[in-house]
Structures are given as structure tokens and as C-alpha cells.
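# A look at the structure
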Amino acid sequence: MLMNDFLGDEVARLGFGGMRLPVVDGDASKVDQAQVDKMVDAAIAAGVNYFDTAYPYHNGMSEIVLGKSLARYPRESFFLASKYPGHQITDSYDPAAIFEEQLEKCGVSCFDFYLLHNIYAASYEVYTDERWGIADYFIEQKRAGRIRHLGFSCHGRPDTLAAFLDYGARKYEELAQRDPETAALFKGRNIMEFCQIQLNYLDWTLQDAATKMGILEKAGVPVVVMEPLRGGKLAELHEEPLSILRAVCPNRSAVEWSFRWLQGFSDVKVILSGMSTLAQVEDNCRIFQSAEAISEPEQDALMEAAETLKTGVPCTACRYCVDSCPQGIDIPMLLATYNDLQFATTFTVSMQMDVVPEGRRAQDCLGCGACVRMCPQGIGIPDTLSQLAAALDRIPKWADLCRERAEAAEKLKAR
Ligand code: SF4
Ligand code: SF4
């Protein structure tokens, strides 16, 4: 197994994600414990030692099932990561109650890695709101040895990521003033010791992951990768990208291309794969048994293949159109969302759209065409926004998803 140093621990580069575990009868809450045990056994036998879960995964069952499975192994033989759900919209936030519940669900007394879940525009406000005391509570848990490394995951845009790193640095400086001993426990001059982002060769450009990696590299913050296969979509390439890749390397599978590309980033310490079958575990473990560098021509081929996967509009985000819009619509941001939806529907789209102010949403376009005259790419912006509005109508709203998750958590507690 490929290993590396992650904040002083010897950690496998392939991590076991607990978001897409095998289920019974297609019910996300009914995780197949026996099957998970087999997958965990195979992963551990191959050298995997990092397991990632979160409060809402599988309606709260992921923490329980993974915790049970891992309890069959000595606690010091694996690293367990979970996350605080401050990204879910609710009336109040109680980090202490959730954290205690999570430790109990997982059957552990300490999380090796603990993340503030999903920083984006709206959750940034929650996590930095002193009323909830979220950062201070988790600083205290780190001091008490109940969290070994504190970090965050981020589906937000690069400016939100940068702003949250700044917040972490400010909190560190405050802490260093009032409690230098606890501050010394944090690696780097930031209470956010690591960051988990969505990274794969398609999102390198499609979701501007390149900019996010640049921000994290500059801040010296190590990276955990989520969605290396874009929810499995990069494992099932169609003929056009496949033929581009086969021309430079005939025998490498689509999955292996994704992982080999990610293995080339030295700042990427763990690549999480949300595996659903034993065969996936075995195949991924095989790929991570040895390193195989991607050559320059192969890198070019991968970027060319990525372009064939982008079936949306060719917006370059130049923003020439923005000032002309009487509605103040952030046109490039909405077009990026439109492009994202062409490839796959994900909950992050609902979440990002939830923070777009009323009056500036896709459905608020007046169809005046002022933006079209400014667009060097000749994009039919009003038509595209109208299609986006229709597509957004068909996917679940973030507020509804949060309510469902909260109900599932309540049901689980009542059991
Ligand atoms: S067509 Fe829509 S997006 Fe374009 S300027 Fe008019 S209102 Fe704004
Ligand atoms: S002018 Fe065209 S290419 Fe530039 S941001 Fe607007 S839509 Fe995108």
C-alpha cells in the first residue's frame, strides 16, 4: 500500500469512504453490516488505515456501521475521521451534543481526524458565528485529546475556502495569545490543520479545483480528496474520452487513470473512495499497491479527455456580461452550475443554489439579452438560464434535504 506522512501519522494514501456503503433493498438507512465487514477486512488486509464517515451519511447509520466494523480491530491500528454537520440548515447548533453522540455511535473515545463539514457560503456564516462557539468547542476537544487533528471539508468556491483558512489563522493567533500550550498542539499556524476538497481531473477545471489546490498549497495545508471518481461517473467513461486515453496507454482502466493522476500530488495525503462493493475495494487496493507516475503526454491526454466530458456552455468566466445585467445576476456562476448539472446531479448544486439571493436566481432572468451582446463566446445566456431554472425545479431543495436529515437523526436517537 502506498503510504505517506499525514500530520505526523503514517497514513495509507487510499482512504475508505463511508458515504456509499452497500445497502439492503435500496434503502440508504439499511446498511449491509456483513458486507461492510468484508470490505473493511479486505481494505485493512491490503494496508488501508484511514476511514472517513460523517454525521448525516446513510441517515446517520454510516457512523454506527463503520464503528462496529472497526471495533473488531485494535483502536490504534486505524485512523477514524468524522465531521460536524454545521452545513445543515437548522435553528440552532449544539456542537457538544452532536460530538458526544458521534463518539458513542462510533464506539470510540477520540476521533483521529475531525472536520467541520462542508464549508460553503452559508455554512461559513454558521461556523464563524460566535453564538454557536463551534471552533472554540473543537479547540477544547483537541486540547482534551478527544480530537487528534482538526480540519474542514469544503464544497464552496475558492474565495470561501480562502476566507475560512483566514478565519482559522485568526483563531490560531487568538489561541496563541491566551493559551500557547494548546496552540502548540496545532500543526501550522492555523487551527484548521487539513482540508478535504473535491478533486479529480474533470473538476480541476470544471469546479476550479486547481485554484483551491493553489490556495491550500500556499497556506501549507495538507489535502484529503473526496469524489476522486465524481460519484462513479469517471469510472464509466464513454467511447470518446476512452479512445483518447487508450491511445497513450491501452491497458489502464478509467478508474486507474483517475487515481494515478491524484497520486501525483504530494500535498494530497489521502484519496477517499466511497466504495460500495468488495470488488471495488480489491481493485482500488491493487491500484494503490504501487506508484505509477503519469507522463506529460498522458497528462495532456487526460485533460483532453476531460474536455470531451464537458457538454455545457463554453463560459470562460471573463465576467464581461455581468455589469450589463439589470437583475445583478451572477451569470458565470449560474452557467458553471448549469455545466456541472450536465455532467451529474449532486446535492452540492442544491446547496449552492440555496444561497443565491432572491431576485438573482436563474428564474429571475428577464430575457432582455443585454448580456448576450457582451459575451465574446456567443452564449445564449437567457435560454441557458431558463433551462437551468427548469432543471433546478426538478432536483430536491437543500432546505428539504436538511429537514429530512434532521428527522432521520431524531428517529435514530429515539431507537
Ligand atoms: S438576459 Fe437575463 S441574465 Fe442577461 S442581462 Fe437580461 S436579465 Fe440579465
Ligand atoms: S461574457 Fe460570456 S464567457 Fe464571459 S462570463 Fe459572461 S457568459 Fe461567460
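A few points on the structure. (Residues numbered from 1 in each chain as written. Chains lettered and ligands numbered in written order. Predicted model: local features only at pLDDT ≥ 70, side-chain atom pairs only at ≥ 80, totals over all residues.)

### Points about the nonpolar core
This is how it is decided: Nonpolar cores are identified as sets of buried Ala, Val, Leu, Ile, Met, Phe, Trp, Tyr and Cys residues joined via C-beta atoms within 7 Å. Using C-beta atoms placed from the backbone, we call a residue buried if 20 or more other C-beta atoms fall within 10 Å of its own, exposed if 12 or fewer do, and partly exposed for counts in between. Only DSSP runs of H or I with at least four residues qualify as helices, and only runs of E with at least two residues qualify as strands; both kinds are numbered from the N terminus onward. In this description, any two residues whose backbone-derived C-beta atoms lie within 7 Å of each other are considered to be in contact.
Residues Y50, A81, I119, C195 and V225 are the most contacted members of the largest nonpolar core, which totals 88 residues. With 6 residues, strand β6 (residues 111–119) is the single largest residue contributor to this core. The residues touching Y50, leaving out its near neighbours within four places in the chain, are V11, A12, G15, F16, F79, A81 and V270. The next biggest cluster of nonpolar side chains, apart from the first, holds 18 residues, and it includes L334, A336, A362 and C365.

### Side note on the packing of helix α1 (residues 33–46) against helix α2 (residues 61–70)
The line we're drawing: Inter-axis angles, ranging from 0 to 180 degrees, are taken between N-to-C directions of lines fitted to C-alpha atoms, where helices are fitted over the stretch in contact. Just so you know how the angles are binned, under 35 degrees is roughly parallel, over 145 roughly antiparallel, 65 to 115 roughly perpendicular, and the rest oblique. In this scheme the crossing of two helices becomes right-handed for a clockwise turn of the near helix relative to the far one and left-handed for an anticlockwise turn of less than a right angle. In this count, Pro and Cys sit with the nonpolar residues alongside Ala, Val, Leu, Ile, Met, Phe, Trp and Tyr, while Asp, Glu, Lys and Arg are called charged and the others, Gly among them, polar.
With their axes 9 Å apart at the nearest point, α1 and α2 run at an angle of 55 degrees to one another. If you check the angle between α1 and α2, you find them oblique. Seen along the crossing, α1 lies across α2 with a hand that is right-handed. Where α1 approaches α2, its residues Q33, V36, D37 and V40 are matched on the opposing element by V65, K68, S69 and L70. Each residue belonging to the contact of α1 with α2 can be placed in one class, and the counts come to 4 nonpolar, 2 polar and 2 charged.

### A few points about the sheet that holds strand β8 (residues 194–198)
What counts, and what does not: The rule for pairing is simple: two strands pair if DSSP sees at least two bridges between them.
The parallel closed barrel is built from 8 strands, whose spatial order is β3-β4-β5-β6-β7-β8-β9-β10. Averaged over all neighbouring strand pairs, the angle between strand axes comes to 30 degrees, with direction disregarded. Looking at chain direction, strand β7 (residues 147–154) and β8 are connected through 4 bridges and run parallel. Across the sheet, the residue bridging to C154 is I197, located in β8.

### A word on the site of ligand 1
Selection criterion: Each residue receives a C-beta atom built from its backbone; the residue is near a molecule or strand if that atom lies within 6 Å of it.
Around ligand 1 lies a shell of 16 residues, among which C325, C365, C368, A370 and C371 are the nearest. Breaking the shell around ligand 1 down by element, the ones donating at least two residues are α16 (370–374) and α17 (381–394). With 3 residues, α17 is the single largest residue contributor to the shell around ligand 1. Class assignment of the residues belonging to the shell around ligand 1 gives a composition of 12 nonpolar, 4 polar and no charged.

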